[in-house]
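Residue-level structure breakdown
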Amino acid sequence: MIALDTETTGGDFFHGARPYLVTCCDDQGNLTVWQWFVDPLTRMPIIPDGDVTAIQKFIDDADEIG
């Protein structure tokens, strides 16, 4: 089982609420954090190559998400 949490640029979906911080914790207590800068004009996070793939792999490898 893993725990997964995010922080977003806001709850206003009209203006494009996007995650800028993702945290995952596995059943061994290992915490992994991805945090990105947000462009203040576009409100879009600047996500380095490979981060989305790493997060997706973490989720895919989990038996259960809590």
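For the structure, see preceding data.
Residues numbered from 1 in each chain as written. Predicted model: local features only at pLDDT ≥ 70, side-chain atom pairs only at ≥ 80, totals over all residues. Heavy atoms only, no water.

On to unusual backbone geometry, then. For Arg43, which is not glycine, the phi dihedral falls at a positive 65 degrees. Mapped onto the fold, Arg43 is located in the loop between strand 4 (37-38) and strand 5 (45-46). (Helix = DSSP H or I, 4+ residues; strand = E, 2+ residues; numbered from the N terminus.)

Attention shifts here to the packing of aromatic side chains. The tally for this structure, following the rule as stated, stands at one aromatic pair. Ring geometry for Trp34 versus Phe58: centroids 6.3 Å apart, planes at 80 degrees, classification edge-to-face. You can see Trp34 sitting in strand 3 (residues 31-35) and its partner Phe58 sitting in helix 1 (residues 51-60), a full 24 residues away along the chain. Each of the two residues, Trp34 as well as Phe58, counts as buried. (Phe/Tyr/Trp six-rings, centres within 6.5 Å; stacked < 30°, edge-to-face > 60°. Buried < 20%, exposed > 50% of the residue type's maximum accessible area, 1.4 Å probe, protein only.)

It is worth spelling out helix 1 at this point. Those residues of helix 1 lying buried are Asp51, Ile55 and Phe58. All buried residues of helix 1 project into a common sector of 60 degrees when viewed along the axis, lining one side. Residues Val52, Thr53, Lys57 and Asp60 are exposed on helix 1 and point more than 90 degrees away from its buried face. Residues of helix 1 that are buried in the fold lie against strand 2 (19-25) and strand 3. (Arc of directions from axis to C-beta. Contact = heavy atoms within 4.5 Å.)

So, on to the pattern of salt bridges. Tallied over the entire structure, the rule returns one salt bridge. Between Lys57 and Asp61 there is a salt bridge, with the nearest N and O atoms lying 2.6 Å from each other. (Salt bridge = Lys/Arg side-chain N within 4 Å of Asp/Glu carboxyl O.)

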